[in-house]
Amino acid sequence: MQPGESRQIEFLRVLCITAMMWVHVNPGLSTPTIVSAGEYHLVGTIFGNTLGRISVSLLSFVSGYLIWETLRHESLGHLALRRFRTVIVPMLVWSAVFLVLALAKEWITGEGANAVAEVELRLWPLIDAWSGLTGPTANRSLFFLRDLFVATLILRAAVPLIERVPAVAALAILIVASNDALAPVIYRSSILQFLFFGAIAARLGYTIAGLSRPLVALSLGYLMTVAGFAAIADPGIPALQFLHLPLLLRRAGIGFLLLAYSAAFLALFPRTTLAGHGRHAFLAYLMHVPVMGILWVMWLELGGDGDARSYLVFYLGAPVAVFALASWLGRALDHAPAPLQLLLRGKVGAPARHNPPD
C-alpha cells in the first residue's frame, strides 16, 4: 500500500466514525428535535441519516479491502481468535461500561435509561443486551461490531470462491444477503455485502487510490446515486426491491463521492493532521455512546434541550468532542500496560504503528 493511500484510509476512518456518531447524538434522530424535525432538519438528514448511515457501508468496504491479503494466508480458527481479541473483547468491555452508566443514571438523576428499561430481567436477554449474541445489544451502536466479526468469518470461508470467480461471489452475496435473509447470523446484511465488495475489489487489483480518482469516483458516485433514487421511485421491478438494490446503489454511490472528497481534501490540505487521528477511530467508536450520554446529561443540567437553536452546536460538536477525548485517551493508552490496551481498544501499539482494528 502506498503512503498516500494509507493516509487517505486513516482520514476516511476519522470522517466515517465522526459521521456514524452523528446518528447517535442524544436524544437520537428518532426523537423530534430542531435537527430531526425542526428548523434545521436538513442538518440531521445530511449528517446523520445520510453520511452517518452510508459510513457503515464505506467502512465495511475499506475493511474488506484491507484484510483481503491477510485472509488468504490465515486459517479460519486463527482469524476467529484474532478478531475476537481485537474486536469482540473491547466491544464487551465498553458494552459493560454502557450498562453500568445506564444503571447509574437512574440512581444519580432519578430518570431511567430507555436502553436498560427495555431489557427483560432474565439471563438470556441480559446476555444479549451485553454481548449481542442472538439479539441487539443495549448499546445499539456496538451491534455493528458483532455483525462485522461474523461477517469477517463468512468472508474467510468464501476466500476460495472469491479467488476463482469473483464475479460469482459478488452476485452470490448480493442475493444470499438480501432482504435480511441471514438474520440472526447477520442482522445488517449490508455490512457483509460491502465487506465482500471490498475484498473483491482488492482481488481484482483495484486500489482505494485508483477508485478515488475524480473520473472514476465522481462518475460512478453520481450515476449510482441517481440510479438508486430512480429505482426506489419505480417499484415496477420486484427483483430490484427484493435485492434492496435502490438502497445499495445509493450507499455505493455516496460512498464513491466520499472517496473523491477524501482524496481531494488531502490534496488541497497536504499538511492536515486529521489523518493522524485515524488510529484512534476505533476507540472513539467504542466509547462514543456512553460519553455522549454523559455530555447530554451535562447539557440538560446547563439548561439546554433539543428544541433550542443552541442544540445545533451540541449536535454538531458532540462527536468532535468525543473524538478529541478518544485521541487523548488513545495517546495515554500508548504508555499503558498491554492488557489494558487490549481491553479498551483491542490492540497494543505505539504512536508510529499502523495497526487498525480491520
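Heads up: the structure comes first, above all this text.
I will try to describe carefully the structure that is included in this document. These numbers were taken from a predicted model, which means no experiment stands behind them.

1. Some points on the overall build of the protein
Across its full length, the protein carries 16 helices and 0 strands. Since a compact globule built from 358 residues should have a radius of gyration of about 21 Å, the 20 Å found for the protein is in line with a globular shape. Projected onto its principal axes, the C-alpha coordinates of the protein cover approximately 60 × 50 × 50 Å. Across the protein, the fraction of contacts at a sequence separation of at least 24, relative to all contacts at a separation of at least 6, is 77%.

2. Some points on the pattern of salt bridges
Throughout the structure, instances matching the rule amount to 8 salt bridges. A salt bridge links Arg72 to Glu163; the shortest N-O distance between them is 2.8 Å. Of this pair, Arg72 sits in helix H2 (residues 41–72) while Glu163 sits in helix H7 (residues 159–164), placing them 91 residues apart in sequence. With relative accessibility at 28%, the residue Glu163 sits in the partly exposed group.

3. Some words on unusual backbone geometry
Along the chain, Asn26 connects to Pro27 via a cis peptide bond; the corresponding omega equals 5°. For Pro27, the position within the fold is in the loop between helix H1 (3–24) and H2.

4. Remarks on the side chain of Thr18
Relative to the helices and strands, Thr18 is located in helix H1. Looking at Thr18, its side chain comes within polar contact range of the main-chain oxygen of Val14, at 2.7 Å. Setting aside residues no more than four positions away along its own chain, Thr18 makes contact with Pro319 and Phe323.

5. With respect to the packing of H1 against helix H15 (residues 311–333)
Relative orientation of the contacting elements H1 and H15 amounts to 130°, with a least axis distance of 9 Å. One element, H1, and the other, H15, form an angle in the oblique class. Of the two elements, H1 crosses H15, and the hand of that crossing is right-handed. Residue-level contacts link Val14, Ile17, Thr18, Met21 and Trp22 of H1 to Tyr315, Leu316, Pro319, Val322 and Phe323 of H15.

6. Some thoughts on the environment of Val87
As for its position among the elements, Val87 is in helix H3 (residues 76–109). Along the backbone, Val87 and Arg146 are 59 residues apart, and their C-alpha atoms lie at a distance of 8.2 Å.

Cut-offs and rules
- Residues numbered from 1 in each chain as written.
- Predicted model: local features only at pLDDT ≥ 70, side-chain atom pairs only at ≥ 80, totals over all residues.
- Heavy atoms only, no water.
- Helix = DSSP H or I, 4+ residues; strand = E, 2+ residues; numbered from the N terminus.
- Rg over C-alpha atoms; globule rule 2.2 N^0.38 Å.
- Contact = heavy atoms within 4.5 Å.
- Salt bridge = Lys/Arg side-chain N within 4 Å of Asp/Glu carboxyl O.
- Buried < 20%, exposed > 50% of the residue type's maximum accessible area, 1.4 Å probe, protein only.
- Polar contact = N/O pair within 3.5 Å; in protein donor to acceptor, adjacent residues only side chain to side chain.
- Axes fitted to C-alpha atoms, helices over the stretch in contact; angles between N-to-C directions.
- Parallel < 35°, antiparallel > 145°, perpendicular 65-115°, else oblique.
- Left-handed = near helix turned anticlockwise from the far one by under 90°.

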